[in-house]
Amino acid sequence: MAVIHHTVLEPTKLELLTHWLPTRPWYRGDAGEPKLAKAGGFRLDDPSGEVGIEFIVVTDAVGPRPTDYLVPLTYRGAPLEEAENALVGTMEHGVLGRRWAYDACHDPVAVTQLLALIEGRVGAQDQNTSDTPDHDVFGSYTGEGPVPGDFGATVTDDRGGTELSAPSGSLLRLHRVLRPAPDGSSSSVEDASGSVEGSWQLPDGSRARGLFAVLHRSPQP
């Protein structure tokens, strides 16, 4: 299990995201610098114990109404090869030293573990406490056979999120701009064979629930 170090980060994660979010096609703010607050999230474990994997939900208060974003990050002790375009920034960690933070959609370790979560082979971990499952976040899978592991070769950002295409024709979509399901009910997407859903905190202190990621399998011949 990943060990959560309660220590100082310089700059902080929110400071990194304040500069990075406005560069994304799915960012909705247009009224100046983001005003970010942490609203939730979860972690996934790297079986090798080398890469930190965190799915952060942040709320941006800029504009007429707050917007909630899903921002998956990986933290590494050295640069990830051929991933300069996915670098969010570097931080000085009070225990681990310099850490390179990447958009996790471009990190094969994170993608592999997200697919394992969808299949139910691993569980989500608490964002802030070591060795503690997060039962509020779960994956579901209705497809036949294992999820193909060849995602990540093509990663595309659009107005609503990020799509990872597999050569097999399967598609994994991350909802970057989060939308609560009606009445907090479980979410569903037509023709989806898998998904991840969870909850986060709204600015008024209430909880919202919705989809974080959706898997579409290619039609079987």
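Rules used throughout
Residue indices begin from 1 for each chain and proceed along its sequence in written order. Predicted model: local features are reported for residues with pLDDT of at least 70 only, side-chain atom pairs are reported and counted for 80 or more only, and whole-chain, interface and lining totals are derived from all residues. Only heavy atoms go into the side-chain values, all of them from the structure, while hydrogens and water stay out. Secondary structure elements are defined from DSSP: runs of H or I of at least 4 residues count as helices, runs of E of at least 2 residues count as strands, and each element is numbered from the N terminus. Relative accessibility under 20% of the residue-type maximum defines a buried residue, over 50% an exposed one, and the middle range a partly exposed one, all with a 1.4 Å probe and only protein chains included. The contact criterion used is simple: two residues touch if any of their non-hydrogen atoms lie within 4.5 Å. Each accessible area is a Shrake-Rupley estimate made with a 1.4 Å probe; only the visible protein chains count as cover when residues are assessed. Here Asp and Glu are counted as negative and Lys and Arg as positive; His is not counted, and neither are the chain ends. Here the site of a charge means atom NZ of a Lys, CZ of an Arg, CG of an Asp or CD of a Glu. The pocket and cavity definitions rest on a 1 Å grid over protein atoms only: a 1.4 Å probe that fits but cannot leave marks a cavity, an open set with protein on both sides within 12 Å along at least five of seven lines marks a pocket, and residues lining either have an atom within 4 Å of a point. Grid points are joined across faces, edges and corners, and a volume is the space filled by probe spheres set on the points. Side-chain classes are defined by residue name, with Ala, Val, Leu, Ile, Met, Phe, Trp, Tyr, Cys and Pro counting as nonpolar, Asp, Glu, Lys and Arg as charged, and the others, Gly among them, as polar. The criterion for strand pairing is that DSSP finds at least two bridges linking the strands in question. Among buried residues, the Ala, Val, Leu, Ile, Met, Phe, Trp, Tyr and Cys ones that are joined through side-chain atoms within 4.5 Å form a nonpolar core. The rule for a salt bridge is simple: a side-chain nitrogen of Lys or Arg has to be within 4 Å of a carboxyl oxygen of Asp or Glu.

Visitor: Please provide a residue-by-residue account of the overall build of the protein, values included.
Guide: Helices and strands together make up the secondary structure of the protein, namely two helices and 12 strands. Put simply, the protein runs from its N terminus to its C terminus through helices and strands in the order β-α-β-β-β-β-β-α-β-β-β-β-β-β. Principal axes of the C-alpha set define a box for the protein whose edges measure 50 × 40 × 30 Å. Taken over 221 residues, the protein has a buried fraction of 46%. Here the contacts in the protein between residues at least 6 apart in sequence split such that 56% fall between residues at least 24 apart. A total accessible area of about 10,900 Å² is found for the protein, and carbon and sulfur atoms account for 50% of it. Taking the average location of the 18 positive side-chain charges in the protein and that of its 31 negative ones, the two points are 4 Å from each other.

Visitor: For the environment of Val51, give the residues involved together with the corresponding values.
Guide: Assignment of secondary structure puts Val51 in the loop between β2 (36-44) and β3 (52-60). Sequence separation of Val51 and Arg76 is 25 residues, and the distance between their C-alpha atoms is 5.3 Å. Those residues in contact with Val51, other than ones at most four positions away along the chain, are Asp46, Thr74, Tyr75, Arg76, Asp107 and Val109.

Visitor: Explain the layout of surface pockets to me, using residue names and the numbers behind them.
Guide: What the second largest pocket holds in volume is close to 380 Å³. Lining the second largest pocket are 18 residues, and of these Arg65, Pro66, Thr67, Asp68 and Arg179 sit closest to its centre. Here the lining of the second largest pocket gets three residues from one element, more than from any other, and that element is strand β4 (residues 67-76). Looking at side-chain class alone, the lining of the second largest pocket contains nine nonpolar, three polar and six charged residues.

Visitor: So what's going on with the pairing of strand β12 (residues 207-216)? Which residues, and what values?
Guide: Here β12 lies mainly inside the structure; eight of its 10 residues are buried. Where strand β10 (residues 171-175) meets β12, four bridges bridge the pair, whose relative direction is antiparallel. Residue pairing in the sheet places Leu174 in a bridge with Ala213 of β12. Across eight bridges, strand β11 (residues 194-201) lies against β12 in antiparallel orientation. Of the residues in β12, the one forming a bridge with Gly198 is Gly210. The hairpin turn running from β11 into β12, its antiparallel successor, is five residues long, and Gly205 in that turn takes a positive phi close to 95°.

Visitor: Help me get a handle on the nonpolar core, residues and values and all.
Guide: Counting residues in hydrophobic clusters, the biggest one holds 31 residues, and the most contacted among them are Phe151 and Leu172. Listed by contribution, the elements that provide at least two residues to this core are β2, β3, α2 (108-119), β10, β11 and β12. Ranked by residue count, the leading element in this core is α2, at six residues. In this structure Leu172 touches Leu114, Leu115, Ile118, Phe151, Thr162, Glu163, Leu164, Ala213, Val214 and Leu215, once residues within four positions along its chain are discounted. Core analysis: the second largest hydrophobic core is formed by 18 residues, Leu9, Leu21, Tyr69 and Met91 among them.

Visitor: Would you mind going over the pattern of salt bridges in detail, with residue names and values included?
Guide: Using the criterion set out here, one finds 12 salt bridges in the structure. A salt bridge links Arg209 to Asp136; the shortest N-O distance between them is 3.0 Å. A residue pair is termed long-range when its members are at least 10 positions apart, and Arg209 in strand β12 and Asp136 in the loop between α2 and β7 (138-141) qualify at 73 residues. Between Glu197 and Arg209 there is a salt bridge, with its nearest N and O atoms 2.8 Å apart. Note that Glu197 is positioned in strand β11 and Arg209 in strand β12, a separation of 12 residues in sequence. This pair shows no difference in class: Glu197 is buried, exactly as Arg209 is. Within this structure, Asp136, Glu197, Arg207 and Arg209 form a network of salt bridges that share partners.

Visitor: So what's going on with the environment of Leu171? Residues and values would help.
Guide: Inspection of the secondary structure assignment puts Leu171 in strand β10. For the pair Leu171 and Glu84, spaced 87 residues apart in sequence, the C-alpha separation works out to 23 Å. Excluding anything up to four places from it in sequence, Leu171 contacts Phe151, Glu163, Leu164, Ser165, Val214, Leu215 and His216.

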